[in-house]
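Below are the chains, spelled out letter by letter.
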Amino acid sequence: MSLESSVQTLQHSQLSLDTLTGAAARPGVIGPTLDPRSLTTGIVHLGVGAFHRAHQAVYTEDAATTSGETHWGILGVTGRTAKVAQQLAPQNGLYSVLTRSAQAQSLRIIASLRGVAFPGVDTDSVVAAIAAPQTQIVSTTITEKGYPRTSAGRLEISHEGTAHDIATLRRSLAGKYDAGPAATALGLLARGLGQRFQDSGAPLTVVPCDNLPSNGALTRQLMSNFAGEAGNAEFSQWLADAVAFPSTMVDRIVPATTAADQAEALSILGLQDQGLVVAEPFGQWVIEDAFAGGRPAWEQAGATITANVEPFEVAKLRMLNATHSLLAYLGALRGFVTIADAVGDEALKLAARRLQSEDVIPTLTAPDGLDLQAYGDSILERFANPALGHTTIQVAMDGSEKLPIRLLGTVSDRLAAGSVPESAALAVAAWMVFVYRGRDVNGETLTLDDPAAQQLHNVARGIENELSERMFALGNVFPQDVSGHLGFRKAVASHVHDLLREIR
């Protein structure tokens, strides 16, 4: 649905174009830094959740403000539900970012989001936007589980929805357009690319922004697989020649917005903001310099444009994300509600430091100018920010998808070097116990939010002292070099035993 054509009645008690002038004039309110009415759409973003709104959308607004370019407005596309569209359409895409540190906070109105769509009803308009000549970039934040893939990194054609999207793409490329909704985010992207190929063949850049190694190369492979399954050789060739897939690394802590956050924003804005997001002051975006056409001047907004993203990407995944997971599982089991609470526990903080210094750093090549030990210290300092309220349960979600990417690469490298990574074994054990017990040391329920939740519950169920052996049989989680290493299995089993005793 177009924001400008939305027929919903704007409430003057709500942030919108009609109420923007008054809100922007209030003490303590920053922005927007450009006139939203001046922007035209040049970017389609799939996955317009809190992270995108606190990260790429802010960088894009800063870049447009600095460069004076007004053609980089964003059409934001929701995921599985219409919730974000329902929140943002009445606000004409406007929302605010509440930035918090331990010492201060600020609130900024962002205006770079100039449209919002829900694929369940708006697939046609999203496909048309991707195909439109003025669109030069499609970006994504669809989480790790939004990339259905095999262990070899190819499209998982048996994944729910993928077969439907392949068949729809095949019909579309044959001139038999199916107006039904796309079943997956990548299927929606593939259909949009197919329409662009048919309409004009204009070049396009796809910028994936999820926590996946070589996310650009992976997305290229999956789109190539879509084209191959659709059976159109000319479309496949166009993808190879005209569409760029730069890899990226993104970093900013964006916890779930709470009712208390909404109340705080209301007191500052004097208006309701249903699209409010909360974030830490830190932000980082590293982007491979591989574009098919134009792009915003993101480097003027603080992004790093580089020929090689991989060292930044691996350091972030293994240092920050793996540490986050360790603290989430251990912290949740010990009854800590937030990551800040968990890192405030000296034993857990020591476990995090050991994971970084003893297991992770020996596997890394430091990006130019980055002191890895200092980077690790800065990560723990960020995690300790009590103003964010980032919960252990939120970070713990999707462990079956995240651990192979965040942690098990480190395990493989350390085992290959002849060393059993004890702290990584502790993190794996904590995940296993989290799945198995489903409650913390105080008896409080720990909800398992994971795409493989039923499989995990089925495998975990059984005798306690055989838990790790059963879990290591999960071939979709553990690669053979990890699950088959007797020393690592023994280390994990020992930690599982200790954790189970601790939380009885």
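Residues numbered from 1 in each chain as written. Predicted model: local features only at pLDDT ≥ 70, side-chain atom pairs only at ≥ 80, totals over all residues. Heavy atoms only, no water.

Participant: Please clarify how helix α10 (residues 259–269) should be interpreted in this entry.
Facilitator: An α-helical turn contains 3.6 residues, so a residue and the one three or four places further along point in the same direction. All buried positions along α10 are accounted for by Asp261, Ala265, Ile268 and Leu269. Mapping the buried residues of α10 onto a view down its axis gives an arc of 85°, with all of them on the same face. Residues of α10 that are exposed and point over 90 degrees away from its buried face: Ala259 and Ala260. Positive phi appears at Gly270, one or two residues downstream of α10, with a value of about 75°. (Buried < 20%, exposed > 50% of the residue type's maximum accessible area, 1.4 Å probe, protein only. Helix = DSSP H or I, 4+ residues; strand = E, 2+ residues; numbered from the N terminus. Arc of directions from axis to C-beta.)

Participant: Looking at this structure, how should I read the packing of aromatic side chains?
Facilitator: In this description, an aromatic ring pair is defined by two values, namely the gap between the centres and the angle between the planes. Following the criterion strictly, the structure yields 10 aromatic pairs and no others. Ring centres of Tyr329 and Phe434 lie 5.2 Å apart, and the angle between their planes is 70°; on these two criteria the pair is classed as edge-to-face. Placement of Tyr329 in helix α11 (residues 310–333) and of Phe434 in helix α18 (residues 422–437) is noted, with a sequence separation of 105 residues between them. Like Tyr329, the residue Phe434 is buried in the burial classification. It is Arg53 that lies over the ring of Tyr95; its NZ or CZ is 5.6 Å from the centre. The ring of Phe291 carries the charged tip of Arg295 above its face, separated from the ring centre by 5.5 Å. (Phe/Tyr/Trp six-rings, centres within 6.5 Å; stacked < 30°, edge-to-face > 60°. Lys NZ or Arg CZ within 6 Å of the ring centre and 35° of its normal.)

Participant: What is the right way to look at the pattern of salt bridges in this model?
Facilitator: Note on pairing: side chains with opposite charge can pair once their charged atoms come close. Tallied over the entire structure, the rule returns 15 salt bridges. Of the charged contacts in the structure, one is a salt bridge between Asp345 and Arg334, with a shortest N-O distance of 3.6 Å. Taken together, the residues Asp345 in the loop between α12 (339–343) and α13 (346–360) and Arg334 in the loop between α11 and α12 connect sequence positions 11 residues apart. One salt-bridge network, in which partners are shared between bridges, spans Glu61, Asp62 and Arg108. (Salt bridge = Lys/Arg side-chain N within 4 Å of Asp/Glu carboxyl O.)

Participant: For this particular structure, what's the right way to read the packing of helix α6 (residues 162–173) against helix α8 (residues 215–230)?
Facilitator: To characterise two packed helices, one gives the angle between the axes of the helices and the distance between these axes. Relative to each other, α6 and α8 sit at 65°, their axes nearing to 8 Å. For α6 against α8, the interelement crossing comes out right-handed. The residues of α8 that touch α6, namely those facing Thr162, Asp165, Ile166, Leu169, Arg170 and Leu173, are Phe226, Glu229 and Ala230. (Axes fitted to C-alpha atoms, helices over the stretch in contact; angles between N-to-C directions. Left-handed = near helix turned anticlockwise from the far one by under 90°. Contact = heavy atoms within 4.5 Å.)

Participant: Help me understand the sheet that holds strand β12 (residues 284–288), please; the structure alone is not making it clear to me.
Facilitator: Hydrogen bonds along the backbone pair up the strands of a sheet, which may run parallel or antiparallel. If you trace the 3 strands from one edge of the open sheet to the other, you get β10-β12-β13, paired in mixed fashion. Edge strands, defined here as strands with exactly one partner in the open sheet, are β10 (248–251) and β13 (304–306). In this sheet, neighbouring strand axes are inclined to one another by 15° on average, regardless of whether the strands run parallel or antiparallel. By the bridge criterion, 3 bridges tie β12 to β13 in an arrangement that is parallel. Residue pairing across strands places Glu288 opposite Thr306, the latter belonging to β13. (Pairing = 2+ DSSP bridges.)

Participant: Looking at this structure, how should I read the pairing of strand β6 (residues 113–117)?
Facilitator: The side chains of a regular strand alternate, residue by residue, between the two faces of the sheet. The element β6 is extensively covered by neighbouring structure, given that 5 of its 5 residues are classed as buried. Sheet topology places strand β3 (residues 73–77) next to β6; 4 bridges connect them, and they run parallel. What sits directly across from Ile74, in β6, is Leu113.

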